[in-house]
Structures are given as structure tokens and as C-alpha cells.
Amino acid sequence: MHRLKRVCSILAVLLALASRSFAVEDPPTRPMLRIETGMHAGVIKDMAVDAAETFLVTCSQDTTLRVWDLASGDLMQTMRVPIAGGPEGMLYSVAVSPDGKSIVTGGLTGYTWDGSVALYIFDRVSGKLTRRITGLPDAAQCIRFSPDGKFLAVGMASDKGVRIYRFEDGKQVAEDKEYRADCIGVCFASDGRLAASGLDGLVRVYNSKFELELRKKTTGGTHPHQLSFSPDGKKIAVGFGDSKNVNVLAADTLALLYSPTTDDIKLPNMAFDELVWSADGKKLFGAGRAAIIQGGRALRVIRRWENEGKGDATDIPASLETITALTPLKSGQVLFASGTPAWGVLSGDKARYFDGSVVEWKFSSLMLSDNANTVQFTYEPSNAAVAQFHLAEKKLDTGLAKTDAAADALAKKSGLHGTTISTDAMKMTGCENEMQPKVNGHPVEMSPNETNRCVVVLPDDHHALLGSDFALRLVDNAGKTVWSIPTPGAVWDVNVSSDGAVGVAALHDGTLRWFLTENGKPIVSLFLHNNQKQWVMWTRSGYYDAAAGSEDLIGWHINRGKEQAADFFPASRFRGTNYRPDVLDQILTTRDEAAALKLADDARGKKTDVVDVDKTLPPVVRILSPENNDEIADSAVTVKFSVRSPADAPVTSVRALVDGRPAGAPRRIVEVDNAAAPVEGTQTLSVTLPNRDCEVAVIAENKHGASSPGVVRVRWKGKAADDVTRPKLYVFAVGVSKYKNPEYTLDFAAKDAGDFASTLALQKGKLYRDVEVKLLTDDQATKEGVLDGLEWIQKQTTSRDVAMIFLSGHGVRDGSGDYYFVPYAFENERKRATGVVFYEVEKTIKDIAGKVIFFVDTCHSGGAGGPKTRAIGNDIVSVVNELSSAENGAVVFAASTGKEYAQEDPKWGHGAFTKALLEGLSGKADLKGDGRVTIASLDYYLSERVKELTDGGQHPTTTKPPSVPDFPISFTK
């Protein structure tokens, strides 16, 4: 099959139809919610590296370009093209100029407003969209630079053929329109010759002046796909979309020289439609849909043929999904990308995979409760990691079953049901991974080459829901479409509530989407990260709830016209207005966002002031120099950066961070430009760096808040420090068990704080040269005492030191949403006067010069008998997220979050969280056995140990800013 390649031209037709329905002159300006995980959320269609092989660029159907550091695999930058919803902006190819300065991409790009396709050209360092090449008649399926970087070859969909553009000015210099179907692949030889393949069955070769020299029908299949010149330019390897064959052709005649072995591939519908040579030309690599069966499942492989493709073949399993791109490196390694979506590196006989972040619903079976409030699914194929998510409780339960039988038993016990795919009254055929579904023999109207993926018959036995590659539709018993809505990815599964009123669709982008079956109107969406911890759910307008550290899995894409790169603002930038767990509490009951908002407002006694996201934007910052991985030999560095802010909200300050912590005081900025357009300029900051590799960030602020940080990693190549002094540790611990109001009494909060402080004091002379502790318990923990302690630790901690703050006791939130730590003499009717507002903790953390670790155990409820659940029951997620944001930079360990309560029990002698914490710090979290407990290892130990102690009733959470690296917090030897 060649459907994945042909979908480009199909979607271009859909865009053309849309453009005839309404005139669009520019990209829409409305903010659009998008998923952002640090990895693509759609199929990676292409990849490219610079000539020096320092970075990799990937492009995806999710409309983003991503630049990766090849040495570490870390994401360096994300670039966004203008979009309009639906397929507009889907990227199908990418090319990097040989000097690494420019990135060119295209696909379904610009058709909505131009009526023709555009190529987007980005400056790699600044991330700016510098210019466009416009007027392409159809989707750009493949883009390649000539070896000298002077020309771009573009293969297009349908019968539009190949065009050559001069890169310097974007002028078209050559064209071949004699194609009868899609041009699938183009590639250059080192001497400037160009080869192209088309679904018309022909391979073509052009000379360095782009004149057609050869054209010949292929013999290995009728649909040649990607092709590759050998390094010496004498051979061309060709793969096919409709055959498992591979041909190696003579580049000067296109005669068949030989066919690498593929006869041993026995599975149906296999193809090696991606081919590359090793840098020395001695090996040939092929991949695509080709797979082997291993462990009861089909694994896509990369096949390596020795002796220029004439020798033995070795298969290396690399992905569960189709491999969509291959790129060879000079080292002999091969980069690959897949539809998972993710990318990896093949080294020898081992594929190292930079795993994706989306749940692959293709391999899951979606079970649903009668009211659609609970879903059961699996994170991995073959029920290896069965989980349930409960919308009403905002609770994720994982590791519930590991076999098919256990998963079925769990679903039955939980009252969940699967999908009904056909009945006597609704006989559904051709509905699963086929192109012509039928209802009672009546064909459903589909777009050309659209593949349907799933079906569920509604309880009324007169309607069915169908999910396809890019649409969700309701059909009646005669196959007539009642409604159809576009989706941002393939719909792999769909189910309905027992009354048939609510449907749930599982999409390729990793989301579950609840909707009304009556009209397809969205109710709520849920994204579950495949790390089995993070999740975020949101309404159509962007009101959201999330697990701690998860809110930035979504954000707002905002176009800036068709000539500029789009902006992206994480959800956390709008936490004050859009973080509304109370609205999400009501959404499935009301099945209407407006009704849910009204109920939430009534409950809190305050009407929501609806604020447009695009009217409250923070600044946008990009670091221009130094560049990623630049070598630094002088600790005094000038950081050059660009900053842009709305004209009505000029930048008021900028500050630098090193490894997530402040590098000097913020610098105040006064803007005088009152133009209507956003204010943008280039500025500098002087930053002192430590004598080691580190990460530098710049954050700008305006009246709406702080920007996302501009970030760059630098490598220290200067003189090593003569004296590496161990840090000093400052500990401020507060625990209140006995309150002035006896109704608040707890058993172990004070003991938790005391034992925490004592455990850290033992680190003196180990990890830390000294440890200084301030401990407040019970009646010592007055409001004044807590505030004095916060001031003490802020003033004492230098940039070389570590500060730890531990709070254990009650926490409470007022009607305005402010969260308070409850000191000894707290009065619930006078929260502001007697409580410690968490803003004071936030301000302290923000101003501390050194590393900050915050331990919070305030979700406690009073009660007697048995294991006590300690909490006044106030959600602390927003507090955790605020403290661990990039601008505050704290690592936060929370005993529990969301609606969970923290548990304590006399047999533990502590709360569950502190018991596990003390064990971990004392050595049990030394998972590598190297005598060190790090942030990451303590996080893992706490998660498993607290779950064990509480029988899954409590789930501690660790959140860490991305700019703060993992580091040791205690030594065990």
C-alpha cells in the first residue's frame, strides 16, 4: 500500500474544496489549543541533518519542526508554521542547508489562504521564518538541497512533477511537469545530478543543469518510493510502496544491476520504501512497513545489506509503527523516524529509541463506563500496562493488569463495556482499516483514498460512529452521513456511553475526546502522557485541569500572519484565568461548557471574567548567542537575545538563570515605543557562568507575566577551578501537629519535620561541607516565625549552596483561590490575617540564589482511628506548578496532589510520604548503588514506596523545571 504517501494529495484536495467555500486572505488569528510534550504529536514524515552532523531536524504532521542535538538527543528548538485547523500546516518534508544556517519545510502549507502551496524557510539560530517560496500547485512531498546549497528540488503531489528553485532568491529555474502521479522522492548525487521517483512507475535522472537525461519504468514494483544515490554516484537504490522488492539501478542507464534479498519477508503488505547507503557506500539500509514477528507482535525493522546490498541481510527491530525516514551519518550510524511518533539511532545491531510521548491507541482497546466517566486502556500493546482514568475524581490508576484475561476481568468488575462493531440491524462491513465501509450493504461516502479505522454501533441500533484517518462521522442505517467533523489525527478507536449520548474517540495525537453523538460537539479532551504519570484535560475554550507538572502538555498556538513563524504559549502562562478544576468537575454532568462554568462560578461565589488569551500575552524570548553547545572558556559571558512583547504590555524586566537558578538580579527595562505592533528588539545580559557545562536561560516579564525561557546549553572549555568547594546546605523545616484549635490536631506532622531536619543534618561532611537547620514545630510555628524562617533561608543561601524547605501540616484555600499554610494559631475565618499565603513561599524561592528543593505535605485532614487521611482537602496542584515553573525554579516534592489526602499511621511513626522520604534520603533511593541519592532516584523511590504503604491510595508527585538538571541531594557513604 502507498496510502500514507498519497494522503498528501488527498488532503490538498480537501483544502482546495475548503478554499472554494470561503475566502481566507490570512491565517486565522484566534488562539488554537495544541499538545506540546517535547516530542512530536503526529507522524514524523522526514528528517535532515547539517553537513557537520551536529543537529537533526524533524518535521511532522503535527505542523512543527523540531531541532535536536545529535550528541545528546535533547530538543534544542521548536518552530511552528501558520495553521488553520484541519490539515493546513501539516509538514511532509524538510531540508537543511549544508552550512546549517537555513531550514526549509513544506507540505500542506499555505493553501488555505494563498490557493497554492508555499515552502517555509527558517533561520536555524533565531527560529524566525525569514521568507517563503510560494506558488507551488500541490503539496510538497519531498524537498532536498543540492550539495552546494544553491538549489532546492521539490517533488509535488498529484501530477505536478518536480520544480527546481534557486535558494538565494527563491526563483524557479527548472521544472518537469511530465508526471502522471505523485512525485514521491528526489535525491541529489554529489556531482549535482538529480534523481526522482513517481507513482507513475518511472524513475528519472536529471543532469546538473536539471535537464532530463533518463526516464525508465521500474521492474521491482509499480510505485517507486524513496530512492538514494550511492556515495560514488554510480548506483541508485529504489524502494517501492506496493512491493517488498528493492532495486539497485545503474545511475548512467537505469538498468537493473541487482536486487537485495527480500524473499524471506513473509508477512503480507511489506515494503522497504525508505532506503539509504552508508557513508562509505559499503552497506545499504532499508525500512518502512517491513516487519518481523517477535514476542507475538509485528516489529518494524531496519534491514542492513552487506556488500553494497549484494550480501547478507540483517534485520534490527526498531519500531512498532511504520518507519518513515532514514538518514545515514558519517560514523556509520543511521537515524530513523517512525509514526509512533519518535526517532532513534541505529548503531551496529542495536536501535536506540528516543521514545514518543503519546499513547498508541492503535494497540489499545477502549473500555468505557455506562456514564462515560471512566475509561480503561493500555499504555502498551498486549495489555502490558492496563490503566483506568476516572474523570469525576481526576484520578489515574496504572498497573492494574498485565494480561488480556486480567484486563477483561478488571473491566467486568468495574462495570465497563467495549464496542459493538455490528448488529443484525446495523451490519457494518469494511470498517476496520479499509477504504469503503458499508452499512447494511450501503456504502458510506468517503473522501478518495480515505481509510476508515474503527466503528461502534450506537445503542439505538440505527446509527454508528466511524473514525477514519482524518474525520469522525455519524451514519444512519442506510449509510447516510448525519454529520462529519475533521480530526487532528487518525481515529483509532471509538466507544459510546450506555445511553448513546456521549462518544469517546481515541486519536493518533494521544488524546481521548468526549463529544455529543447528536451533533459531534466537543465536551472535553484528555491527554495522557505515556510515562503513566502526567495528564491534562481541557474544555473547548481552554479551561483545564492537570496532574502536577503536566499543565504545559497543552498550550496556545497563535499565528502571526503568513510571513512569520507562529508563537506558542504554554498553558501555565494563563494559569490565573484558565486553571479551573472546578469547571472540569462539572463538565461531564452538564455536557456543556457554559453550564459547567456557571455552576462553578455559583459554587465559588464569583463570576468569571472571560479574558481573551491573545489579549494577555507574555513576552517571547530567544537567545541568539551563544548558540547551543558553544564552547565557553571565560566565565564572564555576554548573552545576546531577542525579546518581543505586545505594544500595550512592554517588557519591564529581564533576568538570566543558570541551571534554573538566578544569575544576578533582574534588570529593569523601560519601553517607550507605543506602536500598535508588538515591540521587538535585541538586547544583551552579562552572565557569570560556573566552570562547568551548564544551561543558560533568559526570562522576560511584562504586566501579563513571565515569558517561557529562552534556553541555550554551553560547554565549559576553560581552566578548571582550583578549588571546588562543597556546597553548604540550609534546611528550614516546619511541622505542626498540635494546633491552638484542637480540631486541627494531627499525629505526626511535627515529628515528620524534626526527623527530616535530623536526617539532613547527618549530611554534614558528606555531600555538604556544613548543614545549618532552622526547625519550627507546633506552637513555635507561628505566622511570624514561618515568615522569619523564609527570610532567613533566602538571605543565607548563596549561589553555591542548596536550600531545602519542608512544610508539614494543614493547607487551605480561600474563595479567591489563594493557598495558605496553616500555622499554629490559624483561624479559618481570618485566613489572610492568620495564615501564611503561599505567595511568601514563592517569593522566597524565586529570590534564593542557590538550588532550591521544596517538600510540601499539607494536604491533610483531621480524623481519628485507623490510618489517618490528613487534609483539609484543598487541591495544591496549582501551587506545585507555580513553584516549579521556570521563573521560580524550585524542585518540588509533594506528598499528594489533586483530591488525594496524605495518609499517616501509628505503625509507620510518620506520614507515609515522610516515612518514604526519610528512607530514601538515608540510602534506599540509591538505586544505582553509587552512594548518591539524586532528584530522579528519590522521585522514583517515593512513587513506588508511598504507593506500597498506602495500597495505591496516595501518589506523591515530583516536579522539576526543565532547565534544572538532575543532581545529588544526599550521599549514603
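Residues numbered from 1 in each chain as written. Predicted model: local features only at pLDDT ≥ 70, side-chain atom pairs only at ≥ 80, totals over all residues. Heavy atoms only, no water.

Novice: Hey, could you run me through the overall build of the protein in this one?
Specialist: Counting secondary structure elements, the protein contains 13 helices and 74 strands. Relative to the compact-globule value of 30 Å for 973 residues, the protein shows a C-alpha radius of gyration of 29 Å, a close match. Projected onto its principal axes, the C-alpha coordinates of the protein cover approximately 90 × 75 × 60 Å. Burial statistics for the protein: of 973 residues in total, 60% are counted as buried. Long-range contacts, defined as pairs at least 24 residues apart, comprise 56% of the intrachain contacts of the protein with a sequence gap of at least 6. Of the roughly 37,300 Å² that the protein leaves accessible, carbon and sulfur atoms contribute 48%. Counting 113 positive and 123 negative side-chain charges, the protein places the averaged centre of each group 2 Å from the other. (Helix = DSSP H or I, 4+ residues; strand = E, 2+ residues; numbered from the N terminus. Rg over C-alpha atoms; globule rule 2.2 N^0.38 Å. Buried < 20%, exposed > 50% of the residue type's maximum accessible area, 1.4 Å probe, protein only. Contact = heavy atoms within 4.5 Å. Areas by Shrake-Rupley, 256 points an atom, 1.4 Å probe, with all protein chains shown as cover. Lys, Arg positive; Asp, Glu negative; His and termini not counted. Charge placed at Lys NZ, Arg CZ, Asp CG, Glu CD.)

Novice: Quick question: what am I supposed to make of the sheet that holds strand β7 (residues 102-107) here?
Specialist: Two modes of strand pairing occur in sheets, parallel and antiparallel, and in both the strands are linked by backbone hydrogen bonds. In space, the four strands of this open sheet follow the order β6-β7-β8-β9, with antiparallel pairing throughout. The sheet is open, and its two edges are formed by β6 (91-96) and β9 (129-136), each paired on a single side. Each strand of the sheet is rotated relative to its neighbour by a mean of 20 degrees, with strand direction disregarded. Note that β6 and β7 share five bridges and pair antiparallel. Looking across to β7, one finds that Ala95 is bridged to Val104. (Pairing = 2+ DSSP bridges. Axes fitted to C-alpha atoms, helices over the stretch in contact; angles between N-to-C directions.)

Novice: How should I be thinking about the pairing of strand β42 (residues 481-486) in this particular structure?
Specialist: Every other side chain in a regular strand lies on the same face of the sheet, so the side chains alternate between the two faces. Looking at chain direction, strand β41 (residues 471-476) and β42 are connected through five bridges and run antiparallel. Within β42, the residue paired with Leu474 across the bridge is Trp483. With antiparallel pairing between neighbouring strands as the criterion, β41 and β42 make up a hairpin whose turn holds four residues, including Gly479 at a positive phi of roughly 80 degrees.

Novice: Honestly, the packing of helix α7 (residues 749-761) against helix α12 (residues 912-924) in this entry has me stumped. Any pointers?
Specialist: Axes are the key here: two packed helices are described by the angle between their axes and the distance separating the axes. Contact geometry of α7 with α12 gives a least axis separation of 10 Å together with a crossing angle of 5 degrees. Put simply, α7 runs roughly parallel to α12. Across the interface between the two elements, Asp752, Asp755, Phe756, Thr759 and Leu760 of α7 pack against Thr914, Leu917, Leu918, Leu921 and Ser922 of α12. Of the residues contributing to the contact of α7 with α12, the split by class is five nonpolar, three polar and two charged. (Parallel < 35°, antiparallel > 145°, perpendicular 65-115°, else oblique. Nonpolar A, V, L, I, M, F, W, Y, C, P; charged D, E, K, R; others polar.)

Novice: Where do I start with the sheet that holds strand β28 (residues 334-338) in this structure?
Specialist: Ordered by their spatial adjacency, four strands build an open sheet running β27-β28-β29-β30, and the pairing between neighbours is antiparallel. Either end of the sheet is taken by a strand with one partner, and the two such strands are β27 (323-328) and β30 (350-354). Along the sheet, successive strands turn relative to each other by an average axial angle of 25 degrees, direction set aside. Relative to β30, strand β29 (residues 342-347) runs antiparallel, the two sharing five bridges. Bridging across to β30, Val345 finds its partner in Arg352.

Novice: In this structure, what is going on with the packing of aromatic side chains? I would like to understand it.
Specialist: Tallied over the entire structure, the rule returns 20 aromatic pairs. Between Phe569 and Phe574, the aromatic rings sit 6.4 Å apart at their centres with planes inclined by 70 degrees, giving edge-to-face as the arrangement. The exposure class assigned to Phe569 is buried, which follows from its relative accessible area of 4%. In this structure Phe574 comes out as buried when scored by relative accessible area, which is 4%. The ring of Phe568 carries Arg80 above its face, with NZ or CZ at 4.0 Å from the centroid. Its end group placed over the ring of Trp792, Lys774 keeps NZ or CZ at 5.5 Å from the ring centre. (Phe/Tyr/Trp six-rings, centres within 6.5 Å; stacked < 30°, edge-to-face > 60°. Lys NZ or Arg CZ within 6 Å of the ring centre and 35° of its normal.)

Without other data, these values stay purely geometric and don't point to any function.
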